[in-house]
Amino acid sequence: MSEDMSEERFSADWLQQREPFDTAARNAAAERLQPGTQLAQQRPAPGKPWRVIDLACGTGANLRWLAPHLGGAQQWLVVDHDELLLQCWPERLGLAPQALDAPLHWSGAGFEAAIVRQPLDLAAHLETLPWRAAHLVTASALLDLVSGPWLRRLVAQAVGARVAMLFTLSVDGRHDWTPSDRLDATVGQLFGAHQRRDKGFGPALGAHAVPALRRALQGSGYRVFTAPSHWQIDGRDGEQAARLQAALVQGMANAAAEQDPAQAAAVAAWQQRRHAVCATARVCVGHVDVLALPPASR
Ligand SMILES: C[S@@+](CC[C@H](N)C(=O)[O-])C[C@H]1O[C@@H](n2cnc3c(N)ncnc32)[C@H](O)[C@@H]1O
């Protein structure tokens, strides 16, 4: 999800802060989706590498999670419009610093990934990617930022290439707080409306993104599987959780006040009350993962 961010920029710190919670959420979803098994029909011929495209890759959280699940030899093309984030990749993979145009090599138990980083504005240049060469196109925490027209462009490329898709961590609009506060619902609604503003792709789909993707892909004969990948943030689990909860509260309050300035004072009071309990309160932030398989193997 994209809580505390300005409209198009995501800080490396924010992506790092959320990664452990993303990982836990993705692990829970993967128990139901079984991406390693489900993607078996897409698996390249023996001796050939997986070819994967990661859209809006940030600092690489998606690859760090997915590469061990795919296993074997892999070639990744990872794209983002933010070069600063792409430059963080070597450090985040535990590699020596490398120029942006140098391929990276990252391996672990049962997998070996060659990685090419490409700066690219996906709003303008989605169609320039090597869709037909890919076995899998993936993204995490992207889908809720995009518009209906951009989603249709995405689906047109996927369907044309008959490529499998794994899109994780898209918001579903839920924020369940324990204990609750009288302003939770109001802030949640304002925040949801703010999420539908233009994030660089046209008016964003927000929580409607996954149902829209599912409909579009099923209409083209894809088999589409979804599973919840909720963030479970319990302030009692320690400082990391309390800090993420505080960042979430701040991001939601900023967005809600911007969405309806007339409610700014009430929202600020909500923020204060929520901050006071960050170390003891819990919140479940709803997300969904989507795995989509093309009609027939290539
Ligand atoms: C919420 S972050 C997710 C990053 C990463 N996938 C992860 O899970 O950590 C959204 C990403 O979308 C990228 N992004 C936003 N608009 C973009 C665009 N028009 N073209 C390419 N990347 C874009 C941002 O730079 C950011 O890295």
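Everything in this summary refers to the structure shown in the same document. (Residues numbered from 1 in each chain as written. Predicted model: local features only at pLDDT ≥ 70, side-chain atom pairs only at ≥ 80, totals over all residues.)

Here we take up helix α11 (residues 264-276). Across its 13 residues, α11 extends 18 Å between first and last C-alpha, which sits within 8% of the 18 Å expected from 1.5 Å per residue. Every buried residue belonging to α11 is among V267, W270, Q271 and R274, and all of these are buried. Burial along α11 is one-sided: seen end-on, the buried residues are contained in an arc of 100°. Exposed and facing more than 90 degrees away from the buried side of α11 are A265, Q272 and A276. Turning to α11, the residues buried within the fold contact α8 (184-195) and α10 (239-259). (Helix = DSSP H or I, 4+ residues; strand = E, 2+ residues; numbered from the N terminus. Expected span 1.5 Å × (residues − 1). Buried ≥ 20, exposed ≤ 12 C-beta atoms within 10 Å, placed from the backbone. Arc of directions from axis to C-beta. Contact = placed C-beta atoms within 7 Å.)

Turning next to the site of the ligand. The environment of the ligand is formed by 20 residues, the closest being A56, G58, H81, L122 and S140. Listing elements by their share of the shell around the ligand, those giving two or more residues are α3 (61-70) and α6 (122-125). Looking at the shell around the ligand, its residues break down into 10 nonpolar, 6 polar and 4 charged. (Near = placed C-beta within 6 Å. Nonpolar A, V, L, I, M, F, W, Y, C, P; charged D, E, K, R; others polar.)

Another aspect to go through is the packing of helix α1 (residues 12-33) against α3. Put simply, α1 and α3 touch, their axes get as near as 9 Å, and they point 35° apart. In terms of crossing hand, the pair formed by α1 and α3 is right-handed. Contacts between α1 and α3 involve L15, E19, D22, T23, R26 and A30 from the former and A61, W65 and H69 from the latter. Here the contact of α1 with α3 is built from residues that sort into 4 nonpolar, 2 polar and 3 charged. (Axes fitted to C-alpha atoms, helices over the stretch in contact; angles between N-to-C directions. Left-handed = near helix turned anticlockwise from the far one by under 90°.)

Once that is clear, we can look at α10. Spanning 21 residues, α10 covers 30 Å between terminal C-alpha atoms, matching the ideal 30 Å at 1.5 Å per step. Among all positions in α10, only A241, A242, L244, Q245, L248, V249, M252, A253, A255, A256, A257 and Q259 are buried. Packing partners of the buried residues in α10 comprise α1, α8, β8 (231-234), α11 and β9 (282-293).

The next subject is the nonpolar core. One broad trend across soluble globular proteins is that nonpolar side chains are buried collectively. By size, the foremost hydrophobic cluster in this structure holds 82 residues, and its most contacted members are L136, V146, L213 and A256. In terms of residue count, the dominant contributor to this core is α10 (10 residues). Sequence-distant contacts of A256, that is, excluding residues within four places in its chain, are made with V187, L190, F191, H194 and V267. (Core = buried A, V, L, I, M, F, W, Y, C linked by C-beta atoms within 7 Å.)

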